[in-house]
Amino acid sequence: MTTPPTVRAAHARLAAVRRWRPGDAEGRAAARRDLAVARAATLTAEATALLTGALR
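Reading guide: rules and limits
- Residues numbered from 1 in each chain as written.
- Predicted model: local features only at pLDDT ≥ 70, side-chain atom pairs only at ≥ 80, totals over all residues.
- Heavy atoms only, no water.
- Helix = DSSP H or I, 4+ residues; strand = E, 2+ residues; numbered from the N terminus.
- Buried < 20%, exposed > 50% of the residue type's maximum accessible area, 1.4 Å probe, protein only.
- Areas by Shrake-Rupley, 256 points an atom, 1.4 Å probe, with all protein chains shown as cover.
- Salt bridge = Lys/Arg side-chain N within 4 Å of Asp/Glu carboxyl O.
- Expected span 1.5 Å × (residues − 1).
- Arc of directions from axis to C-beta.
- Contact = heavy atoms within 4.5 Å.

Participant: Explain the overall build of the protein to me, using residue names and the numbers behind them.
Facilitator: Summing up its helical and strand segments, the protein has 2 helices and 0 strands in all. When burial is assessed residue by residue, the protein has 14% of its 56 residues classed as buried. Of the roughly 4,500 Å² that the protein leaves accessible, carbon and sulfur atoms contribute 62%.

Structure (structure tokens):
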């Protein structure tokens, strides 16, 4: 299993794809998926930290 990208890195990749490859719909879709995965991973980590702290 690979490590999901950080939100900042995913935003940067999406911006780069938009800027340098405007006709690359497949690249944009992949960059958007990376951004969604990064956001979900961040939210999951925050929720886990909150629940773990609440259970102690």
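Participant: So what's going on with the pattern of salt bridges? Residues and values would help.
Facilitator: Under the counting rule described, the total for this entry stands at 2 salt bridges. With its nearest N and O atoms 2.4 Å apart, the salt bridge here joins Arg-13 to Asp-34. Within this pair, whereas Arg-13 is found in helix α1 (residues 7-20), its partner Asp-34 is found in helix α2 (residues 25-55), the two being separated by 21 residues in sequence.

Participant: Lay out α1 in plain terms, naming residues and giving numbers.
Facilitator: Counted at 1.5 Å a residue, the expected span for α1 with its 14 residues is 20 Å, and the 20 Å between its end C-alpha atoms agrees. Every buried residue of α1 is accounted for by Ala-10, Leu-14 and Val-17. One face of α1 carries all of its buried residues, which in axial projection span an arc of 65°. In this structure, α1 carries Arg-8, Arg-19 and Trp-20 as exposed residues pointing more than 90 degrees from its buried face.

Participant: I'd love a proper account of the environment of Val-7, names of residues and values included.
Facilitator: Within the fold, Val-7 resides in helix α1. According to the relative accessible area criterion, Val-7 is partly exposed, its value standing at 24%. The spatial distance from the C-alpha of Val-7 to the C-alpha of Asp-34 is 8.5 Å, given a sequence separation of 27 residues. Dropping the residues within four chain positions of it, Val-7 is found in contact with Leu-35, Ala-38, Arg-39 and Thr-42.

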